[in-house]
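Here's the letter readout for the chains.
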Amino acid sequence: MNYAIITGASKGLGEQIARRFLDEGICVVGISRSINKQLETYSESTKATYYSYSCDLSAVDELEDTCDQIKTLVFKKDTDKVYLINNAATVNPIDVSSNHRREAIEKHVNLNVTAPMFTTSRILHDAKKHHTTVFLANISSGAAERSTYGWSLYGATKAALNRYTETVALEVDELEQPHKVILFDPSIMDTSMQKDIRKMSKAQFKDIEKFKAYKEEAALRSPETVGNVLVDLLMDEETLINGHYYRIHDFV
Ligand SMILES: NC(=O)c1ccc[n+]([C@@H]2O[C@H](COP(=O)([O-])OP(=O)(O)OC[C@H]3O[C@@H](n4cnc5c(N)ncnc54)[C@H](OP(=O)(O)O)[C@@H]3O)[C@@H](O)[C@H]2O)c1
């Protein structure tokens with residue numbers, strides 16, 4: 001049996017990635033604060049099982065405990081492949097940087113950067129011990145590549161994730177490991193993250209009208225379409241390029 005560990009599987013893109021892996025007969029381990037009961041029910045109609053772990057990924061100690069529990073579930077004698085999708089992230093707080101408070105900065109950085117770094121490190125470490133191949137996707141954003149008024153934290157943390165991922169992929173190549181580590185930019189999708197963005201004031205987020213128009217003009221992709229593209233890529237193991245930055249624009 002093979003396993004896919006997905007952070008933020010309770011809704012949005014993460015939920016759709018989880019459904020698709022279950023359809024492929026791959027057991028899914030979802031990590032988020034809330035539990036999505038529908039995914040548990042859905043898995044009953046597939047050949048795979050959905051396991052959910054309730055964890056606040058911005059609390060590093062909690063994440064470490066969760067990783068300890070997941071390790072025994074996932075790394076078994078008959079596990080050949082483990083997929084890790086670091087998907088959970090927040091765009092909040094959206095505001096000019098002088099309004100950011102310490103706790104909000106800390107939680108944002110922990111969720112968007114520390115958590116994916118920690119899960120990546122743990123899974124690659126455990127995979128080495130158990131001779132398992134890892135297919136790892138870190139979910140990025142176009143915000144990493146340009147400055148957006150009100151998004152200083154989000155742009156910075158996604159940029160950090162990009163450099164981190166590219167460096168891990170370089171190490172995988174140089175160590176001649178079988179793993180593949182990629183970045184994936186899903187671009188704008190119709191999820192609760194976009195709903196949160198549309199609630200902001202113009203003072204907090206100058207581009208607010210543009211984002212309201214994306215919704216009105218149906219320019220947001222469905223997370224299902226995007227999730228399917230990502231899983232197609234990950235399952236096409238021979239073609240998948242370690243270290244590559246994949247963008248949804250190039251597919252749909
Ligand atoms: N939506 C877009 O337009 C867009 C554009 C570019 C990139 N992205 C990227 O795509 C990815 C998915 O975004 P999305 O739109 O699907 O987001 P979303 O709908 O807001 O879902 C976020 C997921 O992350 C989980 N999460 C949030 N905070 C958490 C925490 N502290 N601890 C544990 N889990 C947490 C949420 O679950 P709980 O609330 O249950 O914890 C949820 O499952 C993100 O990396 C995002 O940056 C999105």
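Here's what I pulled together on the structure shown here. (Residues numbered from 1 in each chain as written. Predicted model: local features only at pLDDT ≥ 70, side-chain atom pairs only at ≥ 80, totals over all residues. Heavy atoms only, no water.)

### Details of the packing of helix 3 (residues 60-74) against helix 4 (residues 102-130)
This is how the line gets drawn: Lines are fitted to the C-alpha atoms to define the axes, a helix being fitted only along its stretch in contact, and any angle between axes, read from their N-to-C directions, falls within 0 to 180 degrees. Secondary structure follows DSSP: runs of H or I at least 4 residues long count as helices, runs of E at least 2 residues long count as strands, and numbering of each begins at the N terminus. Any angle that is under 35 degrees is reported as roughly parallel, and any over 145 degrees as roughly antiparallel; angles of 65 to 115 degrees are reported as roughly perpendicular and all others as oblique. By the definition used in this description, the sense in which the near helix is turned from the far one sets the handedness, with an anticlockwise turn below a right angle giving left-handed and a clockwise turn giving right-handed. Working rule for contacts: check all heavy atoms of both residues, and any pair within 4.5 Å makes them a contact. Any residue that is not Ala, Val, Leu, Ile, Met, Phe, Trp, Tyr, Cys, Pro, Asp, Glu, Lys or Arg is counted as polar, Gly included; the first ten are nonpolar and the last four charged.
Two elements in contact, helix 3 and helix 4, have axes separated by 11 Å at closest approach and are oriented at 30 degrees. Here helix 3 lies roughly parallel to helix 4, going by the angle between them. Helix 3 and helix 4 meet at a crossing whose hand is right-handed. Here Val 60, Leu 63, Glu 64, Cys 67, Asp 68 and Lys 71 of helix 3 lie close against helix 4, whose contacting residues are Asn 110, Thr 114, Ala 115, Phe 118, Thr 119, Arg 122, Asp 126 and Lys 129. Grouping the constituent residues of the contact of helix 3 with helix 4 by class yields five nonpolar, three polar and six charged.

### Examining the side chain of Asn 138
Put simply, the rule reads: In the analysis that follows, any N or O atom pair within 3.5 Å is treated as a polar contact, provided that within protein one partner can donate a hydrogen and the other can accept it, and provided that, for residues neighboring in sequence, both atoms belong to side chains.
Tracing the backbone shows Asn 138 in strand 5 (residues 133-139). Here the side chain of Asn 138 touches Thr 165 through a polar contact of 2.9 Å, side chain to side chain.

### Remarks on helix 5 (residues 152-174)
Defined as follows: Expected span, for any helix, means 1.5 Å times one less than how many residues it has. Three labels apply to residues, based on accessible area from a 1.4 Å probe with only protein chains included: buried if under 20% of the type maximum, exposed if over 50%, partly exposed otherwise in between.
For helix 5, which comprises 23 residues, the first-to-last C-alpha distance of 33 Å matches the rise-based estimate of 33 Å (1.5 Å per residue) to within 8%. Of all the positions in helix 5, only Leu 153, Tyr 154, Gly 155, Thr 157, Lys 158, Leu 161, Asn 162, Thr 165, Val 168, Ala 169 and Val 172 are classed as buried. On its buried face, helix 5 sits against helix 4, strand 5, strand 6 (180-185), helix 6 (192-198) and strand 7 (245-247). Glu 176, located one to two residues past helix 5, shows a positive phi value of around 55 degrees.

### Comments concerning the sheet that holds strand 4 (residues 81-86)
The condition that has to hold: At least two DSSP bridges between two strands are needed for those strands to be called paired.
Spatially, 3-2-1-4-5-6-7 is the arrangement adopted by the seven strands of the open sheet, whose pairing is parallel. For this open sheet the edge positions go to strand 3 (50-54) and strand 7, each flanked by a neighbour on one side alone. Here the average twist between neighbouring strands, direction ignored, is 20 degrees. Note that strand 1 (residues 3-7) and strand 2 (residues 27-32) share five bridges and pair parallel. Pairing of Tyr 3 across the sheet is with Cys 27, part of strand 2.

### Focus on the site of the ligand
Keep this limit in mind: By convention in these notes, a residue is near a molecule or strand provided one of its non-hydrogen atoms lies within 4 Å of it.
In the vicinity of the ligand lie 29 residues, with Ser 34, Asn 87, Tyr 154, Thr 191 and Gln 194 positioned nearest. A distance of 2.9 Å separates a nitrogen atom of the ligand from a polar side-chain atom of Asp 56. Take Leu 57: an N or O atom from its main chain is 2.9 Å from a nitrogen atom of the ligand. If you list the elements that add at least two residues to the shell around the ligand, you get helix 1 (12-23), helix 5 and helix 6. Here the shell around the ligand gets three residues from one element, more than from any other, and that element is helix 6. Tallied by class, the residues present in the shell around the ligand amount to 13 nonpolar, twelve polar and four charged.

### With respect to the packing of aromatic side chains
How we decide: The rule is short: rings of Phe, Tyr and Trp, with Trp giving its six-membered ring, pair when the centres are within 6.5 Å, and they are stacked under 30 degrees, edge-to-face over 60, tilted in between. Remark: a charge is flagged as sitting over a ring if the NZ atom of Lys or the CZ atom of Arg is within 6 Å of the ring centre and within 35 degrees of the ring normal.
One pass over the full model with this rule turns up eight aromatic pairs. Judged by centre distance (5.1 Å) and plane angle (5 degrees), the ring pair of Trp 151 and Phe 205 falls under stacked. Taken as a pair, Trp 151 in the loop between strand 5 and helix 5 and Phe 205 in the loop between helix 6 and helix 7 (208-216) lie far apart in primary sequence, 54 residues in all. The two residues Trp 151 and Phe 205 agree in class, both being buried. Measuring from centroid to centroid gives 6.3 Å for Tyr 246 and Phe 251, while their planes differ by 40 degrees, and the two rings are tilted. Classification of Phe 251 as partly exposed rests on a relative accessible area of 40%. One aromatic cluster is present, formed by Trp 151, Tyr 154, Phe 205, Phe 211 and Tyr 214 through successive ring pairs. One cation-aromatic arrangement involves Arg 19 over Tyr 42; the distance from NZ or CZ to the ring centre is 4.8 Å. In this arrangement the basic side chain of Lys 206 is found over the ring face of Tyr 149, its NZ or CZ atom lying 4.6 Å from the centre.

### Points about the nonpolar core
Worth spelling out the cut-off: Within this scheme, the nonpolar core is defined by two criteria: the residues are buried Ala, Val, Leu, Ile, Met, Phe, Trp, Tyr or Cys, and they are joined through side-chain atoms within 4.5 Å.
In this structure, Ile 5, Phe 21, Val 74, Ile 85, Phe 184, Leu 230 and Leu 234 are the most contacted members of the largest nonpolar core, which totals 58 residues. The leading source of residues in this core is helix 8 (residues 223-235), at six residues. For Ile 5, the contacting residues outside a window of four places in its chain are Val 29, Ile 31, Ile 70, Val 74, Val 82, Tyr 83, Leu 84, Ile 85 and Ile 123.

Purely geometric numbers; function is a separate question.
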